[in-house]
Structure formats: structure tokens, C-alpha cells
Amino acid sequence: MAIDKRVSTGLPGFDHVIDMLWLGDNVVWQVQSIEDYLKVARPFIEQSKRDNRRLVYFRFGNHQPIMGEDEPSVVYKLDASVGFESFATQVHDLIAKEGLKAFYVFDCLSDLLEFWYSDLMIGNFFRVTCPFLYVLDTVAYFALIRGVHTHSTIARIRETTQLLLDLYSIDDKLYIHPLKVWERYSPTMFFPHLIDSDKAVPITSSADAASLFSGLGHGIKARDYWDITLEKANALNEDKNAQSSQQAEDMKKLLISLIISREPRICELAEKYFSLRDILDIASREIGSGFIGGKSVGMLLGRKVTEKDMPFHENGDANPADALSNYWEPHDSWFLGSDIFYTYIVYNDWWDLRCRQKTPEGYFELAPELKEKLLKGKFPDVIREQFYQMMEHFGWSPIIVRSSSLLEDNFGNAFAGKYESVFCANQGTPEERFEAFEQAVRAVYASSMSEDALVYRKARELANMDEQMAILVQRVSGDHYAYEEGGSGLFFPHIAGVGHSNNLYVWNREMDPKAGMLRLVFGLGTRAVDRVSGDYARLVPLDHPEKSPPVHYGDERKFSQHKADVLDLKENRMTEAQVDILYNQNLKTDKNIFFSVDNAMLARLQELGRPTNPKPVMLDFRKLLAETKFPGFAKKVMHTIEKAYNYPVDIEFTANFDNDGNFKFNLLQCRPLQTKRGGKASDVSAVNQDISIPKPARENIFFSSAGNFMGGNARLPLDYVIFVKAEEYLALTERDKYQTARIIGMLNHKLKGSNVMLTGPGRWGTTTPSLGVPVHFSELCNMACLCEVSYRQGGLMPELSFGSHFFQDIVEADIFYAAIFEPRTELITRDSSDEDSHPGGEENVIFNPNLILDKPNMLNVILNVEESSSEKNLEHVIHLAQIKGLTLYSDITSQEIICAVNT
């Protein structure tokens, strides 16, 4: 090493032993106390001051300061309680700011245990900090309290650092025992040395060395601080005298802050409903350490609230037949702690990429690279061993690996559909099953870098927050069923769905929004949370379960569910199956609970003289909703949790029925329901404020209807209307239909800040262009109002997909929604002036698109397009109009909605 790159420790004798410090060295001292650390840190500090080095002190511990306020060039006081990522990123950024050849003194790393309670994260912090210091030609001092950290943590630090040194103070004498000195060697270097004034005397005699080390307790195996904390909690829980003590209560609060959440409202609920035993049970099924994440916490809290608070009788007399256990499917979920996510990144040497991705410049640009890496990394052996134990617990039962990030399913941020959930049919050899599980975990981690997730976080100013990804692993609810005679086995629940304790989308003035609503499907619940081509979930208003959204007679079958998502155990994957075929299988219960005779189809077959035996059936859940306790039970579950939360809730569930028609309800997910607070414009009225609906002349009405809207009471002045023409859109090639969606996205960007109504045929956001315009949510997120218009001739029908991820996006973005069902008579034409010529087939509907289409099309002006561009070519499909005085009004009490020009 060149002389100009050598640095003194301030201990001349020891400099000779290790051939000086070198630029790039990280020096880790294992000490008995902070006082011992000072004995080597102070000489280094004094020497650095004499050499006019830029000295940086990172102050974060609770121990006495290593340096005085006036000593270093700069002191950075950091708060480790903000969590690993924020803390490590802040240190990284400050080191980058200091640049080349700065010298550093860190507080004792062992003090971080008081904030993180995990040896794993101490090792991670050193693994990400040390290499960065090395490349900047720095010299940095660290300390660890001997005997506090696990052997695996010390091994990771030894592997990363340049120098690892044991320091002993015995009988007022100082001994240094080098354990690692990178790229340096001498015959006596790795003997213990007595530091005496300017000399370092090696202890080479075996008798002297044995005498020195015999009483130091090296044989004691240190345990992880996390495990020690849980052992203390278990001891308190098992001590009957301590179970109700303040000490036990304090321990419960501590574990809540380490495992459950730090969000005040969630912590308050956890303290009320979880016992210390409950939290220890959760910890016993947690792999790694850290938080279990929002989705896991919501599920556990929802179940515990229901078990404690749900009423099962009306008159005060308990009815054993209605005990919760008769309706409640238990769970045995496992949790991958949030610390594993960072460990995975650090273990695979991606932390620098992670830090660069979190900068404004790299946020979107570097996400694809990090996402690709997250799909291909390796897990540490200590983590993989715990994965094996969990997989042995589940055996060959199908499982689902679900995201459960720290911010997910929380008050204010649902993250609905932004992160992955992966079904594992879990068949095959143990090796195949294990590899499928690991890949599912990788897929969930990688989804944190998806564009949708990044846009969502940035839009809510969460991009710089600590967003660790924990994971919830659940046994899939359901049973094995044959698929045709001699066919492969399928696995699925009888029903699944989404429930909201507050119905944000009522289509009939008789409905009470406070009663709640379900979005119900047969089979796996994926069709309840995603918009699926050609399929419709059943919407169930819980005060009128038998009512369904308006469709024309004869179209009931068309706008019902035709396929079910299931797990194919032979193919070891999720697939879809025709519900007609499933109906013909043994469903292990009364299939008429879910299926009814399709009378419209039966009549058509009779008219055509075709066979009617067996009678055609359709999936409408009529008997389930009219003759079983299920709707009332689901309503009671949601309202019980809503009362505890003091906030509307959103749940995901399954239910399975036995041969007697009795059901078991499984609460899979529970989160605060994101509800609208009015529209985007400053003068949009609050939800509970009364609205006076105007009565304009018919020629000034764009549309009016009774019901079929979501957004509460509103008075929303509109600046622009984007209108996609149904017939012209359907005539496009598939490529041009996708191009239509991209143009909508351009307008969404260009018109940001204006109140824009987006109107088009069928479903916005569908993945199937024949059913509507296939925009991504990010391409309409700035709209003030979204309208879906039916077009029977082209088979297009609005479908809000209540409870779906798309629905959640609309709610959280505060976008008003309206469905316009075309009337039975002709639409108003340019020459329609007769009062009787207005539409009147679909009750109380007026729809006058010519009010928009008669205005100049501003598409090319706003987009500033060339004559030959694709935008210009689609001007006949997309009409952008500016109409002075156009205002949307809605009243949730009368269920009236009208969009008209004020005169």
C-alpha cells in the first residue's frame, strides 16, 4: 500500500502490527463496554485531528457521546426509530454527500437493537454501509458489544469488513486481538497484543494466551435479540401472577409496535382486541422478524373483532345453534416478516440499486431493472430453512402467497390490486412445491416495482416512505371436486367475494347505502376483484339481497357469471372452468343454492322446439340470497367490524356449504373502506350536504337518470367532455382500439387540473377492447367524472365492478362515476323537439349525446397533432368538447343525477 494511503490508528505500536490502516478500511471493534470503545476511538480521533482529516460523527445511540460537539468537522444526529430503510438510506445519502476520503466514527451498532429488535437488520445495515465507505476511500470506526449478537450476524460482518478486532480491558491493561485484517499478514499479527504506551506486545505463549482468555466466556452462544424479547413475553404470559400486570401490558404494547403496526388507529384497535397470547401466537407463525404488514393485520383484527363483538341473538337469549364456531372457518396463516424483504435485497447485493431507484431521477427509470432482479434472487439459508418448515405445515394443501406491505390496507391507502397475490396449487414433489413457493415470494416482492404501484405511491406522496413488503401465506379456502367423469381434480370455494359495509353505488332509491353490499362470485375470488372479459359478478345490496342491477329482460344470463376461477390440481395451476360444467359435478351441497332455472332461455328453447330437459340454468345465487342466513351473516360481520373501527370497512371472504346447506364463512381480508369525500372541484358539495337538482329544458340536458351513480351529493362544473362514440369505436381494428386508450391517456395528462368528464361505451379499464376502452387507470386518473354508456347493439354494458381493484382506484382518486343505460326508445336527435320523443324506456333516463357532438371537436387543438398522426385519424371516434355552463348534479337521497347546461 502506498505511503499516502496509510493511516494511523493513533496507537503507534498497533499500527506496526497491522501495517497501519488503509484508505477504504472499515474497522469493527468488539468491546465489553462503551468505555472500552472510547479507549481506541479517542486515539483515532485525536490522530485524525492532527492530520487535518475531515471527521464525521454519526450520532444515534443512547450511550455517552464518542466525540464532543466541537470536535468533528460535522455531527449527524440520526433517529434510528424511523426504521431500517429510512435510517440506512439517510446514512447512505450523507456518506455520498461527504464524498472521498472522509473519516467516520459511528456510535455503537448494538444500540440499534433498542430500535429494531433484530440482529438480522444490524447485519443488513453493515452490509449496505461498509462497501459504500470502502469505494470512497474512507476510514470508518464501528463498535459492537461482545456477546450480544448472534454468530451469524458476526459472520456477516466479518465477511464484509476489512478489519475485525477484539478489544479487552483486563486489570487496567488493554489487549487487542485481530480476527481479520484484510490483505495483510505477519507471523504474529493474529495473536492477542498487549498495548503498552507506544508498543504492542504479542502474546505468543500458549500459557499466557490461555490465561488471558480463560475467563472471557467465549463458549456462550448469543441469541437474536428478537428471540430474547419473545422469550420474555412468553414467560410473562405463562406467569399467572404477571398476566394482568402492567409489565405484561407494556410487553403487549411493545410487541404491537414491533409486529403489528405503528399507525396510531391500528395500534389502538390491536391493544383493545389482541391479548398478549394472541400476539405471541402470531409471532410463532412469523418467519424472520419485523412487521407482518397491513393485509395480515387487517385479516387478524377483523377476525378478532368478530369473535369478540359479533351479536348472535336478538332477544338476549344465547342460541347455541348460532354460535360463531358454527359459521366461522378457522385460519392457520403464516407471515413473512418485513425484515426478510430487505434481507433479500441486501443478500443479493442490490441495495445500491435500491437507493438509486428511490431518487427522483431513478424512481421510474430504474424500477424495471430492480423488478427483474427481484424475480431472480436467492434467499439466505437460514430463511429457506424456515420456508421448508412452513411448507411442511401446509403439506399438499393449496396456498396463496399475498402481498402485505407496511402501507397496504391501512387508513387512507388501500393499494387495491397494486401488488401481487400468487396462488400455488402446491402439488408435485417437495422440491417442486418449494421452488414454486419461492418464486411466488419473488413475484410479490417484484410487484413493489410495478408501474401501477409506483404511480400510486407517488400520487399519494408515499414514494419516500418506508414501504417494506411483508407477505401473508394463507391456506386456500375450498375443497376438492372432480371435473367431468374421470377428469382431473379441481379445488375451489363455493362462493367468494368482496363486501363493503357502506354501499357506495345504489341504483334504486329504496336502497340504504348504510346496509352495505357484496360482490359475489362462484369459485375463487379473483373474479370478484378483477374485471373479467365477458363475465359479471353478482352485486348484492344487503338490505335488498334479491335485487340486482338493471338489465333488459332476457339479458340476465348474458350479464351473469359464465366461468369460475379454480385450481387445477393435475396441472398444478390456476385456470377457469365453465360454470355449466361445474353444475353437473358433485358440489357436495345443494347446487340450487347457487343456480336457478333460466326462464328466458327455457322460453326461447320452447319457442324453437328444442329439448328442454335438463332445463337450462344460470348462476344467479337466488336461493342463497333469499333462503339462507348468508346475506344477514355477512352484513352482521361487516357492521360489527365497522363499529369497532368507527369507519366503513371493505372485506374479502369465502364461504363453503355442506350437504345440509350450512355454511362456513372465512374472512380473508379486512381494511378501512376508502370512501369519497366529494368531487375534485372546490365547489363540489360534501357528501352529506343537500343538493337542489335543477330542472333545465330538455334540450340543455346531456343526460339524467335515477340511480346508477357513485360519488354522493355533487355539484360539479365541467370544463371539458371527452366522448368516445360507440359505433365508431366498435368499427376500429383492435390496434386502433388500444390507440384510442393511449390518446385518452394523453388527454388525461394534457387536461390535468381541469374538470373533465370522460364518457364512453361499455367498461372503462377493461382488458378486452370489445367490451370497452382498455385504458390503464393511470390514463384516466385525473378525470373528475367517469361515465359508462350502454350500447346494446354492440353488446356493451356498464359495469362498475363494485369492490374490484378498478373500483377502489376510482374511489381513492375521488372520481365521480355514473352508468348511463340507453333508453328503450330512440335517442334524442337533432330534430327532436316534441316532449314525447325523449327516451323513456329505461326508467327516467334522458341521454342526449348531440349536446356534446354538436360542439367543435378540440382533440387536435389540445394535442397539437400533425395531419398524418394517429390522433388525427381517430378524430371521428374521440370527440373533445368545451361547453360553457355544463354542470353535473347528484342527490343521494332522491337518487337523481343530471348533467346539463346552466342557462
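Counting restarts for each chain, with residues numbered from 1 along the sequence as it is written. In view of the model being predicted, local features appear only for residues whose pLDDT reaches at least 70, and side-chain atom pairs are presented and counted only at 80 or more, with totals across whole chains, interfaces and linings using the full set of residues. Calculation of side-chain values draws on the structure's entire complement of heavy atoms; hydrogens and water are dropped beforehand.

1. Looking at the overall build of the chain
To qualify as a helix, a DSSP run of H or I must reach at least 4 residues; to qualify as a strand, a run of E must reach at least 2; elements of each kind are numbered from the N terminus. Along its length, the chain carries 29 helices and 38 strands. Throughout, a contact is declared for two residues whenever any of their heavy atoms are within 4.5 Å. Counted over contacts in the chain with a minimum sequence separation of 6, partners at least 24 positions apart contribute 72%. To be clear on the numbers: accessible area is Shrake-Rupley with a 1.4 Å probe, and residue cover counts the displayed protein chains and nothing else. Here the chain displays about 37,300 Å² of accessible surface, and carbon together with sulfur accounts for 48% of that area.

2. Remarks on the nonpolar core
As a rule of thumb, nonpolar side chains are buried together in soluble globular proteins. Counting residues in each nonpolar core, the largest one holds 79 residues, and the members touching the most others are Phe58, Phe106, Phe125 and Phe437. Discounting residues that sit within four places of it in the chain, Phe125 has contacts with Phe84, Phe87, Ala88, Val91, Phe106, Leu109, Leu112 and Trp116. As used here, the term nonpolar core means buried Ala, Val, Leu, Ile, Met, Phe, Trp, Tyr and Cys residues forming a set that is joined through side-chain atoms within 4.5 Å. Burial status follows relative accessibility: with a 1.4 Å probe on protein chains alone, a residue under 20% of its type maximum counts as buried, one over 50% as exposed, and anything between as partly exposed. The next biggest cluster of nonpolar side chains, apart from the first, holds 77 residues, and it includes Ala233, Ala242, Val579 and Val617.

3. Re the packing of helix α16 (residues 381–394) against helix α17 (residues 430–446)
Orientation is described by lines fitted to C-alpha atoms, with helices fitted over the stretch in contact, and by angles between N-to-C directions that extend from 0 to 180 degrees. At their nearest, the axes of α16 and α17 sit 11 Å apart, and the two run at 115° to each other. Crossing geometry of α16 relative to α17 is assigned as right-handed. Across the interface between the two elements, Arg384, Phe387, Tyr388, Met390 and Met391 from α16 touch Arg433, Phe434, Phe437 and Glu438 from α17. In the scheme used here, Gly and all other residues not listed as nonpolar or charged are polar, with Ala, Val, Leu, Ile, Met, Phe, Trp, Tyr, Cys and Pro taken as nonpolar and Asp, Glu, Lys and Arg as charged. Across the contact of α16 with α17, the residue classes tally to 6 nonpolar, no polar and 3 charged. Note on convention: near helix rotated counterclockwise from far helix by under a right angle means a left-handed crossing. Clockwise means right-handed.

4. Notes on the environment of Phe423
Relative to the elements of secondary structure, Phe423 occurs in strand β15 (residues 421–424). Owing to a relative accessible area of 22%, Phe423 belongs among the partly exposed residues under this scheme. Measuring from C-alpha to C-alpha, the distance between Phe423 and Asn572 comes to 10.0 Å, with 149 residues separating the pair along the chain. Setting aside residues no more than four positions away along its own chain, Phe423 makes contact with Ile399, Ile400, Val476, Leu524, Thr526, Leu567 and Met574.

5. Things to note about the sheet that holds strand β19 (residues 495–500)
Any two strands with at least two DSSP bridges between them are considered paired. Pairing is antiparallel across the open sheet formed by 5 strands, whose spatial order is β21-β20-β19-β26-β27. Each having just a single partner strand, β21 (538–541) and β27 (663–672) make up the two edges of the open sheet. Each strand axis lies, on average, 20° off the axis of its neighbour in the sheet, ignoring direction. Of the strand pairs in this sheet, strand β26 (residues 649–657) and β27 are connected by 9 bridges, and their pairing is antiparallel. Within the sheet, the bridge partner assigned to Ile651 lies in β27 and is Cys670. The strands that helix α23 (residues 630–645) touches are β19, β20 (517–522), β26 and β27; relative to β27, the one it contacts most, it runs at about 30°.

6. Digging into the pattern of salt bridges
By convention in these notes, a salt bridge is any Lys or Arg side-chain nitrogen within 4 Å of a carboxyl oxygen on Asp or Glu. Within the structure shown, the criterion is met by 38 salt bridges. Between Glu85 and Arg354 there is a salt bridge, and its shortest N-O distance comes to 2.7 Å. Taken together, the residues span a long stretch of sequence, with Glu85 in helix α3 (residues 84–98) and Arg354 in helix α14 (residues 351–357) at a distance of 269 residues. Given a relative accessible area of 5%, Arg354 falls into the buried group. Close ionic contact of Arg402 with Glu652 constitutes a salt bridge, the shortest N to O distance being 3.1 Å. Of this pair, Arg402 sits in strand β14 (residues 399–405) while Glu652 sits in strand β26, and the two are 250 residues apart along the sequence. The pair formed by Arg402 and Glu652 is uniform in burial state, with each residue classed as buried. Salt bridges sharing common partners tie together Arg42, Glu46, Lys49 and Glu71.

7. Looking at the state of the cysteines
Where two cysteines share a covalent bond between their sulfur atoms, that bond is called a disulfide. Here, the term disulfide refers to a pair of cysteine sulfur atoms separated by no more than 2.5 Å. All told, the structure shown has 0 disulfides when counted by the stated rule. In this structure Cys787 is a free cysteine whose sulfur lies 3.9 Å from that of Cys785, the closest cysteine sulfur available. The class for Cys787 is buried, based on a relative accessible area of 0%.

8. Overview of helix α15 (residues 367–374)
Residues Ala367, Leu370 and Leu374 constitute the buried set of α15. End-on, the buried residues of α15 take up no more than an arc of 65°, which puts them together on one face. Directions drawn from the helix axis to the C-beta atoms are what define this arc.

9. Quick notes on empty space enclosed by the protein
In this analysis a 1.4 Å probe is tested at points of a 1 Å grid over the protein atoms alone, and where it fits but cannot get out there is a cavity; an open set with protein on both sides within 12 Å along at least five of seven lines is a pocket; lining residues have an atom within 4 Å of a point. Grid points are joined across faces, edges and corners, and a volume is the space filled by probe spheres set on the points. Applying the stated criterion to the full structure yields 4 cavities of 30 Å³ or more. If you add up the space inside the largest cavity, you get close to 100 Å³. What lines the largest cavity is a set of 13 residues, among which Arg354, Lys358, Met449, Arg457 and Glu467 lie closest to the centre. Residues of the lining of the largest cavity, tallied by class, amount to 6 nonpolar, 2 polar and 5 charged.

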